[in-house]
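# Working through the structure, step by step
What follows is each chain in one-letter form.
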Amino acid sequence: MRNRSEPRYMAILVAALLLLQMAVAAHAAVHVQCPGDGNGDADLLDPEDTPDPNRQVRCMHLAAGDGYTIMADGKSQYIFGFADATGMAPEDAINNMQMKMVFPAPTIAVDEGDEFYLTLTNVGMVNRPDLFDPHSVHWHGFPQAASVFDGLPESSFGINMMSSLTYYYNVVEPGTFMYHCHIEAVEHMQMGMLGNLYVRPAQNRLPGGTMLGSHRHANPDYNLNPSLDDPLVGHKYVYNDGDGSTRYDVEYPIMMGGFDPAFHDASEETQPLPFAEMKDNYTTLNGRGYPDTVIEAALVNNPPAPYEAYNGQPMNALIKATRPQKILLRLINLNITHFWTLQSLSLPMTVVGIDSKLLRSATGENLYYKTNSVTLGGGQAMDIIIDTRGVPPGTYFLHAADMYLLSNDKQDFGGMMTEIRIE
């Protein structure tokens, strides 16, 4: 028989834990390391900032905690996650970022040659004050010079609540990567601590007119100082291919994934977590099921009171191009339960890279291949180019090959699908 005094004791316990969190927050200190940053907001564009023009320094401030997403059938779902706190005064980061996590995590895009300073602040679990989980950032697949910045609990450490740490990366290899929290990885990844990450190659910054095989490179704003040369102006490539064969015009990072609603509900209700029965009934692209994948605006979540609504899913999965542009899909799978197969039956896809490596033989032969479907396991990445030359204008579909995945839990027709709109 349930003891009637249990709810009262539980309420007292929760109140005590909340007070404890508040007390800890009052003594918390967020320290953002970013060379040349005059005010600690990790944004080097302020008047008081003095960045070194001879260094390619890039900074970012991530917050880690909890929040909500809204699924395509309207379900409000509790998550753990990351959110972008760049531009925020350090002393405001914890209070302003609590219960504001987004999914997927903010995309990280850097350039080969960058020195990347990434500060992570653990703002705590507002809806689960019984949890004191540390968090980390694991840059999956990146060759770390120092394991201390790898985010693995075995070789590194987690960042405790109301604390911050700045990771340092010397970005030496281009490619499509991903990042996630590696503390209690199965739980934290199922709960949503996953993000797109990619590195643009140094080839983008070559002087205009440089010949890459038979391809003439264009770079209208070339500057010998890399910090003054925008890598997004001029021709863009997936890798340092040397022949221009991976050039593209528009790029879209796409995260394949899924959520198990029973797991998330159990976490929100402080119940035992069903690890062995995990089943992702919400299949998604960039955290959304179709048709939400093609809504260009951010999705406003609807958390329970007393929490306020916010833009919990700013990133869509709509792919757009104008003929004859080449589309680059930076495809990743960070799911922990499934291999996923995506197909585009009407548009041939050219795979030019797998797992952050250019598809090329030891003798220099390009090993690119055309296909209409690709399969990725958890932790894998793939670079795909779609050439729209000769393609009739229209709307095409990119979707899971397994038809049972095209649903939003119990709602038919949805799931892992998006549109490719060509004008």
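Scope of this entry: the structure provided in the associated data block. Note that this is a predicted model, so its numbers are computed, not measured.

To continue, consider the environment of Phe103. Relative to the helices and strands, Phe103 is located in the loop between helix H2 (90-97) and strand E3 (105-111). Under the relative-accessibility criterion, Phe103 is labelled buried at 3%. When the C-alpha atoms of Phe103 and Phe339 are compared, they prove to be 20 Å apart, with 236 residues separating the residues in sequence. If we ignore the near neighbours within four places in the chain, the residues touching Phe103 are Thr69, Ile79, Gly192, Leu194, Met255, Phe259, Asn286, Gly287, Gly312 and Gln313.

This next bit is on the state of the cysteines. Counting across every chain of the model gives one disulfide. Two residues, Cys34 and Cys59, share a disulfide whose sulfurs are 2.0 Å apart. Given an S-S torsion of about 90 degrees, the disulfide between Cys34 and Cys59 has right-handed geometry. Highlighted residues: Cys34 in the loop between helix H1 (6-26) and strand E1 (57-70) and Cys59 in strand E1, separated in sequence by 25 residues. Note on Cys34: relative accessible area 9%, which makes it buried.

A word on the sheet that holds strand E17 (residues 319-321). Across the sheet, which stays open at both edges, the five strands sit in the order E17-E28-E25-E19-E23 with mixed pairing between neighbours. Every other strand in the sheet has two partners, leaving E17 and strand E23 (373-376) as the edge strands with one partner each. Adjacent strand axes in the sheet meet at a mean angle of 15 degrees when their direction is disregarded. The pairing of strand E19 (residues 340-343) with strand E25 (residues 394-400) spans two bridges and is classified as antiparallel. Directly across from Gln343, in E25, lies its bridge partner His399.

What counts as what
Residues numbered from 1 in each chain as written. Predicted model: local features only at pLDDT ≥ 70, side-chain atom pairs only at ≥ 80, totals over all residues. Heavy atoms only, no water. Helix = DSSP H or I, 4+ residues; strand = E, 2+ residues; numbered from the N terminus. Buried < 20%, exposed > 50% of the residue type's maximum accessible area, 1.4 Å probe, protein only. Contact = heavy atoms within 4.5 Å. Disulfide = S-S within 2.5 Å. Pairing = 2+ DSSP bridges. Axes fitted to C-alpha atoms, helices over the stretch in contact; angles between N-to-C directions.

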